[in-house]
Amino acid sequence: MTGDRIIQVEDLNKSFGKLHVLKGITTNIHKGEVVAIIGPSGCGKSTFLRCLNLLEEPTGGRIYFNGKDISHIKEVAKIRQHIGMVFQQFNLFPHKTVLENITYAPIKIKKIDKNEAKEKGLVLLAKVGLQEKADVYPSRLSGGQKQRVAIARSLAMEPEVILFDEPTSALDPEMVKEVLDVMKSLISTGITMAIVTHEMNFAREVSDRIFFLDGGKLAEDATPENFFSQPQCDRAKQFLEKML
Amino acid sequence: MNLDFSRVWGSIPFILQGIPTTLQYTLLSVVFGFLLGVILSLCKISGIKPLDYFAQAYTSIFRGVPLILMLSLVYFGIPQLTGYNFSALEAGVITFSLNSAAYVSETIRAGILAVDRGQREAAMSLGVPYLLYMWDIILPQALKNILPALVNESINLLKDTALVSTLGAQDILRSAQIVGAEKYLYFEPLIIAGVIYYVLVITLTFGATALEKWMRRID
Ligand SMILES: Nc1ncnc2c1ncn2[C@@H]1O[C@H](COP(=O)(O)OP(=O)(O)OP(=O)(O)O)[C@@H](O)[C@H]1O
Ligand SMILES: [Mg+2]
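Residues numbered from 1 in each chain as written. Chains lettered and ligands numbered in written order. Predicted model: local features only at pLDDT ≥ 70, side-chain atom pairs only at ≥ 80, totals over all residues. Heavy atoms only, no water.

A.B. asks: Help me out: how do you make sense of helix α4 (residues 114-127) of chain A in this one?
C.D. replies: Note: α-helices contain 3.6 residues per turn, so residues at a spacing of three or four share the same orientation. Residue and element names in this part refer to chain A. With 14 residues, α4 extends 20 Å from end C-alpha to end C-alpha; this agrees with the ideal 20 Å at 1.5 Å per step. When we look at burial in α4, the residues that qualify are Ala-117, Gly-121, Leu-124 and Leu-125. Relative to the axis of α4, the buried residues are bounded by an arc of 100° and lie together on one face. Relative to its buried face, α4 has exposed residues pointing more than 90 degrees away, namely Asn-115, Glu-119, Val-123 and Lys-127. Those residues of α4 hidden inside the fold are in contact with α3 (98-108) and α5 (143-155). Here α4 starts with a cap whose side-chain oxygen sits 3.2 Å from the backbone nitrogen of Asn-115, and that cap is Asp-113. Following α4 by one or two positions, Gly-129 has its phi on the positive side, about 75°. (Helix = DSSP H or I, 4+ residues; strand = E, 2+ residues; numbered from the N terminus. Expected span 1.5 Å × (residues − 1). Buried < 20%, exposed > 50% of the residue type's maximum accessible area, 1.4 Å probe, protein only. Arc of directions from axis to C-beta. Contact = heavy atoms within 4.5 Å. Polar contact = N/O pair within 3.5 Å; in protein donor to acceptor, adjacent residues only side chain to side chain.)

Structure follows, in structure tokens:
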């Protein structure tokens, strides 16, 4: 199911001032692959993910998207159209309705006809099970519903990859499942995803690969079977003992 | 003490005719001042040093100089330099807009910085370019938070426009002064002018409260 490399990362480094967060990460993500990124708090998972869509500018190394070096590219906005992102805190636009949240970027950026965008938006809302919420404002939604809208909003741009940064960490426990279910249904469509998560069972169940980050390094890059049954480094063993 | 409002009663319509002039100055200055204020606030948060310094120096100068001096500079000083004569309306609107922009830019800057940075990141990750997401996503949220401060600024502007009476523009204050000069009365027409300004300000305040309520309906 996996094909060409969609994202290549070469010796990626990121520092915030004196704080050296990412210390030379080299890896790649293939088309159609689902990568779960795990690791202890503060190890640089978010920073790594945010470098992939250039929300953080790398301080060293290279990132290629579809073979093109995007590390210091000028037209970042263009690249980001193809790389969706879903945030822990949802970040829906509070002054726009649910449907407007979804159609905003397609209309303004892709210049898609308004009615067409609305129709597509409603289809997406149906996919995440929320078509009846099209005209309400985000403040009226539960956390799980907000995150499903955020996923639909990201899908509306028809990205080639979607990055998830702890999409269920801000949710009440009873809402985690509805979001994970939506993500599972997405995975079955074959879209490429990179997911930072603390949901170990989910990671094990849906991912093709596990990235274990530790201290800003890619300490392990393994299949979930291998990683969970026989982690190679001690840090991963300790981490798994704590998490499982 | 001899107050005699009956003598100015008939002149009230004449003073009222100053309202459109006052409102014209106010409205134009609010709009231009706001737009310029947005640009200045973007300069202040741009992270581009020269733009930031320019905007800060701008604000500092307008804060430090009396408004009537600025107005005189524009109305009397610029013609001396350039030979171009501004009308009172042009000079007034230019001065008040420039001045208002200095204050409003600070307010807008603070309002923009107060918007959750996740909003910016969400828009960026959708591929929305800077100016577009500033206008569509960040500013509307910032404005909602700073609306009371902006209304205050508009109220100040409305009262400041009375300065154009010194240029002969026939606003509320000037109309009252004309009535006073004709009837050799000062207290009564000025009181009437004061009441008119007060009613305008109160109306603006009520309007703003209603607007705020309407904007908060979706919270
Ligand atoms: N914008 C920033 N400025 C300065 N330091 C930062 C910034 N973003 C992250 N850091 C620091 O970089 C380190 C890695 O942060 P990061 O958010 O990537 O970790 P994480 O693995 O996602 O952790 P968590 O599981 O808690 O989300 C932390 O020490 C953090 O304080
Ligand atoms: Mg994180």
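A.B. asks: Would you mind going over the environment of B:Val104 with me for this structure?
C.D. replies: Residues and elements named next belong to chain B. Relative to the helices and strands, Val-104 is located in helix α5 (residues 88-114). You can call Val-104 buried: its relative accessible area is 4%. Between the C-alpha atom of Val-104 and that of Leu-40, which follows or precedes it by 64 residues, the distance is 9.0 Å. Not counting chain neighbours up to four residues away, the residues in contact with Val-104 comprise Phe-34, Gly-37, Leu-150 and Glu-153.

A.B. asks: Sorry, what's going on with unusual backbone geometry here?
C.D. replies: In terms of backbone geometry, most residues other than glycine have negative phi values and most peptide bonds are trans. Residue A:Asn66 is not a glycine yet carries a positive backbone phi of 50°. Take A:Asn66: its relative accessible area is 39%, and that puts it in the partly exposed class.

A.B. asks: Looking at this structure, I do not really get the pattern of salt bridges. What am I missing?
C.D. replies: Where charged atoms from two side chains of opposite charge come close, those side chains can pair. In the structure shown here, the tally under the stated rule is 18 salt bridges over all chains. A:Arg209 is paired through a salt bridge with A:Glu33; the nearest N and O atoms lie 2.9 Å apart. Residue A:Arg209 is located in strand β9 (residues 209-214), and its partner A:Glu33 is located in the loop between β2 (19-30) and β3 (34-38); the two are separated by 176 residues in the primary sequence. Of the charged contacts in the structure, one is a salt bridge between A:Arg50 and A:Glu56, with a shortest N-O distance of 3.0 Å. The structure contains a network of salt bridges with shared partners spanning A:Arg50, A:Glu56, B:Arg117 and B:Glu121. (Salt bridge = Lys/Arg side-chain N within 4 Å of Asp/Glu carboxyl O.)

A.B. asks: Is there a simple way to think about the packing of helix α2 (residues 18-45) of chain B against α5(B) in this case?
C.D. replies: Angle between the axes and distance between the axes: these two values describe a pair of packed helices. All names here are of chain B. Direction vectors running N to C along α2 and α5 enclose 45°, while the axes themselves pass 5 Å from each other. Judged by the angle between their axes, α2 and α5 are oblique. Relative to α5, the crossing made by α2 is right-handed. (Axes fitted to C-alpha atoms, helices over the stretch in contact; angles between N-to-C directions. Parallel < 35°, antiparallel > 145°, perpendicular 65-115°, else oblique. Left-handed = near helix turned anticlockwise from the far one by under 90°.)

A.B. asks: Please clarify how the side chain of A:Asn91 should be interpreted in this entry.
C.D. replies: Mapping A:Asn91 onto the fold places it in the loop between β6 (83-86) and α3. With a relative accessible area of 6%, A:Asn91 lands in the buried category. Looking at A:Asn91, its side chain comes within polar contact range of the main-chain oxygen of B:Gly118, at 3.2 Å.

A.B. asks: What's the story with the site of ligand 1 in this structure? I'm lost.
C.D. replies: Residue and element names in this part refer to chain A. Among the 13 residues in the neighbourhood of ligand 1, the closest are listed as Ser-41, Gly-42, Lys-45, Ser-46 and Thr-47. The contact in question runs from an oxygen atom of ligand 1 to an N or O atom on the side chain of Ser-41, over 2.6 Å. In the model, an oxygen atom of ligand 1 is placed 3.3 Å from a nitrogen or oxygen of the Cys-43 main chain. Counting residues per element, the ones that place at least two in the shell around ligand 1 are β2 and α1 (45-52). Per element, the largest residue contribution to the shell around ligand 1 is three residues, and it comes from α1. Residue classes in the shell around ligand 1 are distributed as five nonpolar, six polar and two charged. (Near = heavy atom within 4 Å. Nonpolar A, V, L, I, M, F, W, Y, C, P; charged D, E, K, R; others polar.)

A.B. asks: I keep staring at the interface of chain B and chain A and nothing clicks. Help me out?
C.D. replies: Buried accessible area, meaning the area lost when the parts come together, often serves as the stated size of an interface. At the junction of the two partners, chain B supplies 22 residues and chain A supplies 25 residues. Between chain B and chain A, roughly 2,000 Å² of surface is buried when both sides are summed, and carbon and sulfur atoms account for 60% of that area. In terms of surface lost to chain A, no three residues of chain B exceed B:Ser125, B:Leu126 and B:Ile218, which account for 32% of the buried area on that side. Between the two partners, chain B and chain A, sit two salt bridges. A salt bridge links A:Arg50 to B:Glu121, with the nearest nitrogen and oxygen atoms 2.8 Å apart. Scanning the region where chain B abuts chain A turns up six residue pairs in polar contact (both at pLDDT 80 or more). The set of elements that each furnish at least two residues to the side of chain B that touches chain A consists of α6 (117-125) and α7 (130-160) of chain B. Ranked by residue count, the leading element in the side of chain B that touches chain A is α6(B), at eight residues. (Buried area = accessible area lost by both parts, 1.4 Å probe.)

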